[in-house]
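So the chains spell out like this:
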Amino acid sequence: MNFWRCQHVHAIMVSKYESRIMGESKRKRLQAADGQKTGGTRTAARRSMKVARGKSKASKASKTSKAGQKAAYTPPLVSLLPLISRLPRPFQSSGLEPLKQSDLPPIRQTGSWALVNPSVTLWFRNYNTCIVVLILPTLLILLGSLLAPDLTKINNKTLSGVLIATIGFGWLLLNVPVSYYLQLKAIHGERPGVRECYSRGLSYIFRLIGLGAMMTLFVTAGLLLFIIPGIILIRRYILAPFYLMDQDLGIREAMRRSAVDSKPVSMYIWGVLGVSIAIILGSTTLFTQIFPPLGSIIGAFVTSLYVFAPALRYKEVALRENAIESSIDTPASDVSDEG
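Residues numbered from 1 in each chain as written. Predicted model: local features only at pLDDT ≥ 70, side-chain atom pairs only at ≥ 80, totals over all residues. Heavy atoms only, no water.

A. Representation of the overall build of the chain within the structure. The helix and strand inventory of the chain stands at 14 helices and 0 strands. Along the chain, from the amino end to the carboxyl end, the secondary structure elements read α-α-α-α-α-α-α-α-α-α-α-α-α-α. Across the 339 residues that make up the chain, the buried fraction comes to 26%. Counting only contacts in the chain whose residues sit at least 6 apart along the sequence, the fraction spanning at least 24 positions is 72%. Carbon and sulfur atoms provide 66% of the accessible area of the chain, an area that totals close to 22500 Å². (Helix = DSSP H or I, 4+ residues; strand = E, 2+ residues; numbered from the N terminus. Buried < 20%, exposed > 50% of the residue type's maximum accessible area, 1.4 Å probe, protein only. Contact = heavy atoms within 4.5 Å. Areas by Shrake-Rupley, 256 points an atom, 1.4 Å probe, with all protein chains shown as cover.)

B. Local environment of the side chain of S258. By secondary structure assignment, the location of S258 is in helix α10 (residues 251-262). With sequence-adjacent residues up to four places away left out, S258 is seen in contact with R236, Y237, I238, L239, A240 and Y243.

C. Up close: a nonpolar patch on the surface. Residues F124, Y127, I131, L136, L139, L286, I290, F291, L294, I297 and F301 make up a contiguous nonpolar surface patch of roughly 950 Å² in combined accessible area. Looking at the nonpolar patch, the elements that each hand over two or more residues are α4 (127-147), α11 (266-290) and α12 (295-304). Broken down by element, the nonpolar patch gets its largest block of residues, 4 residues, from α4. (Patch = residues over 30% accessible without salt bridge, like charges linked within 9 Å, V, L, I, M, F, W, Y side chains within 5 Å. Salt bridge = Lys/Arg side-chain N within 4 Å of Asp/Glu carboxyl O.)

D. Examining α4 more closely. With 21 residues, α4 extends 28 Å between its outermost C-alpha atoms, agreeing within 8% with the 30 Å of an ideal straight helix rising 1.5 Å per residue. Most pronounced at I135, the bend in α4 amounts to some 40°, and the proline P137 follows within four residues. Those residues of α4 lying buried are T129, C130, V133, L134, I135, P137, L142 and G144. In this structure, the buried residues of α4 make contact with α3 (116-125), α5 (156-187), α6 (194-201) and α12. (Expected span 1.5 Å × (residues − 1). Bend = angle between axes of the 7 residues up to and from the residue.)

E. Here's a closer look at the environment of R191. By the element assignment, R191 lies in the loop between α5 and α6. Sequence separation between R191 and Y127 is 64 residues; the distance between their C-alpha atoms is 9.8 Å. Sequence-distant contacts of R191, defined by excluding residues within four places in its chain, comprise R125 and N126. At a separation of 3.1 Å, a polar atom in the side chain of R191 contacts the main-chain carbonyl oxygen of R125. (Polar contact = N/O pair within 3.5 Å; in protein donor to acceptor, adjacent residues only side chain to side chain.)

F. Seen up close, α3. Within the sequence span of α3, burial applies to S119, L122 and W123. Take α3 and look down its axis: the buried residues cluster within an arc of 105°, on one side only. (Arc of directions from axis to C-beta.)

G. Region of the structure containing the side chain of T129. Examined against the element boundaries, T129 turns out to sit in helix α4. You can call T129 buried: its relative accessible area is 1%. At 3.4 Å, the side chain of T129 forms a polar contact with the side chain of N128. If sequence neighbours within four positions are ignored, T129 has contacts with L182, P192, G193, V194 and C197.

H. Seen up close, unusual backbone geometry. For D248, which is not a glycine, the phi torsion comes out positive at approximately 55°. Here D248 lies in the loop between α9 (240-246) and α10.

I. Quick peek at the state of the cysteines. Inspection of the entire model under this criterion finds 0 disulfides. This cysteine, C130, is not joined by any disulfide, and C197 carries the nearest cysteine sulfur, 8.7 Å off. Judged by its relative accessible area of 0%, C130 is buried. When its relative accessible area of 0% is taken as the criterion, C197 is described as buried. (Disulfide = S-S within 2.5 Å.)

Have a look at this one:
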């Protein structure tokens, strides 16, 4: 009994020992497995954190570089301003010759036919002065020509016609400086009265007589010697009366300014002359054929509607030259200050 009992107790102890050993080994294996799992997750977490930190650093670096690029960016024109400011300016004491007008870009002028509308507007805005200065002398000349159609027949009617036509012609010549003064004031937005036009315009009569004599001499000599130079001289000096009266210049200076300033826009000067001749011939011929008694009067009225066109052309030419001179006379320090 004791033997079997001892064997039974021994078996139980062996089984407990084996179970304890097996349990410890199993627990160790399980702990090892758990350790591997937790270690792997920790390693993965560490790797993901490192990647996230790298990405955040890269994004910060990219933002910083973009901000630096934006701060360092300079538009091309602004970057050229220091170079432009160092360029030599004309009319500066640098030994360079000034720019010539032929070297400057052309500035577009208003078409000659397009000047009809503003000329008509100025005429009706100053209709009372235009009637006295432009229409009445022409009516006296036409009335005298109607009273004295045949000068070979000497009678009271013919003498009256010649007298009236002479008075009208003299009045028309006297109104030349008055007409120029009216045109200049009108293109500057003023509405001068008849008394003002005569009192202020006649103060230039002697200079205008000298200017007219010089222009007639040059043009006649040019036409007699060579036809083309005489025609070119008409273009050169057609604006001289406006320079003389508007800028209060002498005869030679007015002729020089007219010749120099009208050269770059010579085609527009020829355009005004051509349209004036076309209106005179067309209106006089047309209305004389349609209305024989009053055709000359209507033609003279239609012709006078374009009388402000040369003054308008002078204003455009003068504004062009003033803009060019102001741009040329700008010192280099102004350009550098603006830059």
